[in-house]
Amino acid sequence: METNNLNPDKWVNLYADYLFNYAVTRVSDAEIAKDLVQDTFIAGLKSAKNFKGDAAERTWLIAILKRKVIDHYRKINSKKGKAEVRMTYSSQTDAEGDWIEERIADPNSNFENDSLENEELGLAIQNCISKLPKKQAQVFTMKTIKGMETEDICNALGINASNLWVMIHRARTGLMGCLNQNWF
Amino acid sequence: MMISCEKAAVICNKAQYDEASVLDKIKLKLHTFICKTCAKHSKNNAKLTSLCNKASINFLTDEEKRKMNENFNKAK
């Protein structure tokens, strides 16, 4: 089995986007998410000697980030009462009846799963993008995620339009293969 | 009127970004009508576009990453 090594110099470039995406879907605030990712990198560096090498670098960083997210919620929820779950009858007087049964989730609706699924999808896509060759990933991200114009990308990267389309093609084919198992 | 698979793939990719002309799209349609491999690729390509559109993907800007790297290097 191959052992994994840590390479902190590359962390920000390799994992910042992935970790940020993970964090932002959990704290729903870009600034806080950014801070958490930053803290994660620093914490990772401090405890690098505890890294046993049995997990991939990114998995290990995600595990740290998970703790950071929990700590964040602890911090903002430190007043004891806030953690209690309170259930009250509806205060809306126009609601017909106030049976608690009427207020639980509709079991036939899968509407609330949508956003969850889209977050997972986002992480899956990002994971696949990170497996592409660097240049392809860059072009694909600029074109698809950031929605930049073909001409602007060509100017920024110093390539011509047919180069760009070849790279887009390879990236898309690669992504299709990568996402294939779970999402097609 | 029949185009090659390579040409079809280029049009198919452009179509994902609304950059294919009407004539090109007709050529592509004709091609995929005959070529089943391209028809399948074309379908998956469209699916990939819709997946990318509905996924919530957040990227940090280069500037934000540069800052992050800076802070990180300070902590080292």
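Keep in mind it's a predicted model, so treat the numbers as computed, not measured.

> Looking at this structure, how should I read the interface of chain A and chain B?
Accessible area lost upon the coming together of the parts is a frequently used measure of interface size. With 32 residues of chain A in contact, the opposing surface of chain B contributes 26 residues. Counting residues per element, the ones that place at least two in the side of chain A that touches chain B are α1 (11–27), α2 (30–46), α4 (113–131), α5 (134–145) and α7 (161–183) of chain A. Here the residues of the side of chain A that touches chain B are counted per class, giving 17 nonpolar, 10 polar and five charged.

> What am I meant to see in the environment of Ile168 of chain A here?
Residue and element names in this part refer to chain A. By the element assignment, Ile168 lies in helix α7. By C-beta crowding, Ile168 is classed as buried, having 23 other C-beta atoms within 10 Å. Distance in space between the C-alpha atoms of Ile168 and Thr141 is 9.6 Å, their sequence separation being 27 residues.

> Is there a simple way to think about α2 of chain A in this case?
An α-helical turn contains 3.6 residues, so a residue and the one three or four places further along point in the same direction. The terminal C-alpha atoms of α2 of chain A lie 24 Å apart, and with 17 residues this matches the ideal 24 Å at 1.5 Å per residue to within 8%. Turning to α2 of chain A, its buried residues are Ala33, Leu36, Val37, Gln38, Thr40, Phe41 and Gly44 of chain A.

> Help me understand the nonpolar core in this model?
Note that soluble globular proteins tend to have their nonpolar side chains buried in a common cluster. Among the nonpolar cores identified, the biggest contains 24 residues, and Ile125, Val139, Phe140, Ile168 and Ala171 of chain A together with Ala8 of chain B are the most heavily contacted of them. Secondary structure elements with two or more residues in this core: α4, α5 and α7 of chain A together with α1 (5–16) and α3 (36–54) of chain B. In terms of residue count, α7 of chain A provides more of this core than any other element does, six residues in total. In contact with Ile168 of chain A, other than residues within four places in its own chain, are Val139, Phe140 and Lys143 of chain A together with Asn13 of chain B. In terms of nonpolar packing, the next biggest core, distinct from the first, is built from 19 residues, Tyr15, Ala16 and Phe41 of chain A together with Leu60 of chain B among them.

> I would appreciate a short explanation of the domain arrangement of chain A in the present structure.
As assigned here, chain A comprises domain 1 (8–80) and domain 2 (132–183). Relative placement of domain 1 of chain A and domain 2 of chain A: their C-alpha centres are 28 Å apart.

> I would appreciate a short explanation of the packing of α1 of chain B against helix α2 (residues 22–34) of chain B in the present structure.
All names here are of chain B. Here α1 crosses α2 at 125 degrees, and the two axes come no closer than 10 Å. For the element pair α1 / α2, the angle class is oblique. With respect to the hand of their crossing, α1 and α2 are arranged in left-handed fashion. Across the interface between the two elements, Ala8, Ile11, Cys12 and Ala15 of α1 pack against Asp24, Lys25, Lys27, Leu28 and His31 of α2. Residue composition of the contact of α1 with α2, by class: five nonpolar, one polar and three charged.

What counts as what
Residues numbered from 1 in each chain as written. Chains lettered and ligands numbered in written order. Predicted model: local features only at pLDDT ≥ 70, side-chain atom pairs only at ≥ 80, totals over all residues. Contact = placed C-beta atoms within 7 Å. Helix = DSSP H or I, 4+ residues; strand = E, 2+ residues; numbered from the N terminus. Nonpolar A, V, L, I, M, F, W, Y, C, P; charged D, E, K, R; others polar. Buried ≥ 20, exposed ≤ 12 C-beta atoms within 10 Å, placed from the backbone. Expected span 1.5 Å × (residues − 1). Core = buried A, V, L, I, M, F, W, Y, C linked by C-beta atoms within 7 Å. Domains from an automatic or database assignment. Axes fitted to C-alpha atoms, helices over the stretch in contact; angles between N-to-C directions. Parallel < 35°, antiparallel > 145°, perpendicular 65-115°, else oblique. Left-handed = near helix turned anticlockwise from the far one by under 90°.

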